[in-house]
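So you can see what is in the structure, the chains are spelled out below.
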Amino acid sequence: MKDGYYLFIYSQIDQVYNILQLPCRHDQNMSVFLKNDTTVELICHLEFERFSGIKHHNIAFNNIEDCHYFLNKLLAPYNLTMDSFVGIYGTPGLMACNDDLSFSSIKDIEKISYHAISHLFSSLIMDTNMLYNEDILALAFDGGSDNVLDKDVDEKFLFCGAFSRKGVIEYFEISSPGAYWLYLSDYYGMPEGTLMALAYATTARSIEKFGPLSSYYKTSDRVKVLDEINIIIERIMSYSKEDEGKLLINWDDRFTDEECKISMVIKIIQELSIQNVFNTIDNIVEKHGINTKNTIIALSGGYALNCPTNTKIMNRYHFKEQKCVPCVNDGGLALGMGLYFFYKYMHSFTYKFKGAFYGYAEAVNIQSIVNKYSKYIADIEPESKKAALDIVQEPIIWIDGNAEIGPRALGHRSIIANPSKLEHKNLLNQYKKREWWRPVAPIILCEELNNWFSKAFDSPYMLNNFLIKKEKAEKVPAILHLDQSARVQSIKFIENPNLYNVIKDFQKITGIPIVCNTSLNDKGEPIINTIEQALNFALRKGIRVIYAYGTRICLKNHSLYNEDNFLKRDNDLFYKYRKDKTKILSEINPHKLPLFDLLLYFYNPTLQQFDIKNIQDVKKIHKVSEQIRKKSKNLKLFSYIEKCIENL
């Protein structure tokens, strides 16, 4: 292998998908690595939504030229262009001679999807010293796979695990509860995180017993599993208050009837999800003779964002250590693609994931921003030390260094507040247009973790829930769920020295080594990248103080700011061709296949063996579509297609 820069891109270039705005790979992203002899270094990991402003960015590029234009803009702060790379991998059309897929696992691990293997490697290899000298059990619990490269993915296992004995890896398929949550999110029209928060917000609980859900290994398992979930949904959603004591307990009058019932459904699915995970790990531990106390657990996939599950795994099995990258969801797939590639071709190399802050590197020019927004700025203090005092009084915006990667703010693009004041939590939810019952996460000094939380361990990326100690609960009401747990981020000086020092100062003032932390973004907006975006947010929301790269900016004249929405980002590239959709549709669909059937055709690689420009094949596609709809008439399997049709 040549030394130099390598680029891995989890995206898609497809004119039809772009024109019709068909969801493709979601949470698209890219990773840049530098190889120098046997050392591999991650230079940056960039998630497209932060630049396009399209939440969970899932829109394909229309053409290669547009793709190059967008990626070159993202690469500019690193003095790189698309011409800088020894190799480019992951997205068809950009890979040149690598379109044979030899860089991937598709021909090497034939029974498991490449999507799953990429998830697996994102957390499996966080430190090669650990990889080559420890035993690691890696599990990729996800919701499904994409078919951009894996054309026969429906025949493969969608989720996988691996046991690495000092760098020698054995792969195996696993069941994943991730798909349960994708379905529930679609069914109720709420993000998985909101559903989880609602589950823990109400006291309402079903006392009926529901059997375990079937294992989900392949696409063919989906209908059976979702039928089982529908039985639970239909049963609990039929409850009423009159069933108190017979079918349910603790009906919660603070919430609507529907919210109480949804909360009960989610509690049941969460319990069944955790049991599914436990069954998986039990079988692996027994089959491979794993001593969990001497083994590191590495978790990835979208379901690894489920904090209670991650913590219960540690409490039950007592693994030596837990390892997860902050971008465990699809937003980290380019990272996993790269690490699999280097493991495959180098096998022995040196690499270390150094923390969450591999995101956007803003070219900082505070003065130019100050000049532009001068009528809204009351005062500026470079290198101010007042942050802790400000947090005692009111929520502040905190921007520092490169952006964090992953879906959660980890102290570089955050809104920070006082955990002892419930009114601060209420303000944060008001700023972000969230439900009143949504909890706010704490950041705690790592050395104080076990003084405040029970059975706690290092959780640098906010991927675990811990119970507050009883004697501490009344001191930090703003960070606690109803069950007295919190989604905790622990912080060390070496990881984030500036914010660590602020929390240390806050502790000196209040006796509390904790602050509230929530992501710096509005509803429907990706996490903010820049100072200007932060100023827009602050002026719209009435926030008085921003800390940007150490400079304290105090704002005024909020009422004079006329912008009602968050700042537009670079998304014209992805929408500008929609005006041509009628022409494109007539060209690709001359026999006027119904739009539902057409979209089903594009989403299903098996159907793509047919030619939609051949009338006989069109009839076959329509017949298959009718059969699928009839079989699945009571499921919301295709609601995303229906949404596409509405948008068109």
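Rules used throughout
Residues numbered from 1 in each chain as written. Predicted model: local features only at pLDDT ≥ 70, side-chain atom pairs only at ≥ 80, totals over all residues. Heavy atoms only, no water. Helix = DSSP H or I, 4+ residues; strand = E, 2+ residues; numbered from the N terminus. pLDDT = per-residue confidence, 0-100. Contact = heavy atoms within 4.5 Å. Buried < 20%, exposed > 50% of the residue type's maximum accessible area, 1.4 Å probe, protein only. Polar contact = N/O pair within 3.5 Å; in protein donor to acceptor, adjacent residues only side chain to side chain. Pairing = 2+ DSSP bridges. Axes fitted to C-alpha atoms, helices over the stretch in contact; angles between N-to-C directions. Phe/Tyr/Trp six-rings, centres within 6.5 Å; stacked < 30°, edge-to-face > 60°. Lys NZ or Arg CZ within 6 Å of the ring centre and 35° of its normal.

Considering the environment of Ile 543
Tracing the backbone through its elements, the reader meets Ile 543 in the loop between helix H17 (531-541) and strand E20 (545-548). It is 34 Å that separates the C-alpha atoms of Ile 543 and Ile 262, two residues lying 281 residues apart in sequence.

Focus on the confidence of the model for the protein chain
For residues with low pLDDT, the predicted coordinates do not support detailed interpretation. Mean pLDDT over the protein chain stands at 93; residues scoring 70 or higher make up 96%. Per-residue pLDDT stays below 50 along residues 633-637; that stretch engages in 13 contacts with residues further than four places along the chain or on separate chains.

As for the environment of Glu 394
With respect to the helices and strands, Glu 394 occurs in the loop between helix H13 (387-393) and strand E13 (396-399). Glu 394 gets classed as buried once you look at its relative accessible area, which sits at 17%. Along the backbone, Glu 394 and His 424 are 30 residues apart, and their C-alpha atoms lie at a distance of 7.0 Å. A polar side-chain atom of Glu 394 sits 2.5 Å from a polar atom in the side chain of Arg 544.

Concerning the sheet that holds strand E17 (residues 464-468)
The strands making up a sheet associate through backbone hydrogen bonding, with each pair oriented either parallel or antiparallel. With mixed pairing, 10 strands are arranged side by side in an open sheet as E12-E21-E20-E13-E14-E19-E15-E18-E17-E16. The sheet is open, and its two edges are formed by strand E12 (377-381) and strand E16 (453-454), each paired on a single side. Here E20 runs beside strand E21 (residues 551-555); their pairing, made up of 4 bridges, is antiparallel. Each residue of the ladder has a partner; that of Val 545, found in E21, is Cys 554. Each of E13, strand E14 (413-417), E20 and E21 is contacted by H17, which is oriented at about 175° to E13, the strand it contacts most.

Some points on the side chain of Thr 551
Its place among the elements puts Thr 551 in strand E21. Setting aside chain neighbours within four positions, we find Thr 551 in contact with Ile 366, Ile 380, Glu 381, Pro 382, Glu 383 and Ile 546.

Digging into the packing of aromatic side chains
One pass over the structure, following the stated rule, counts 40 aromatic pairs. A ring pair is formed by Tyr 5 and Phe 85, whose centres lie 6.5 Å apart and whose planes are at 85°; its orientation type is edge-to-face. Of this pair, Tyr 5 sits in strand E1 (residues 4-10) while Phe 85 sits in strand E4 (residues 85-89), and the two are 80 residues apart along the sequence. For Tyr 5, a relative accessible area of 27% puts it in the partly exposed group. For the pair Phe 48 and Phe 70, a centre-to-centre distance of 5.3 Å together with 75° between the ring planes defines the contact as edge-to-face. In this pair, Phe 48 sits in the loop between strand E3 (39-47) and helix H2 (49-52) while Phe 70 sits in helix H3 (residues 64-75), placing the two residues 22 residues apart along the sequence. Phe 70 gets classed as buried once you look at its relative accessible area, which sits at 1%. Sitting above the plane of the Phe 157 ring, Lys 218 keeps its charged end 4.7 Å from the centroid. One Lys or Arg, Lys 472, reaches over the ring of Trp 452 and ends 4.5 Å from the middle of that ring.

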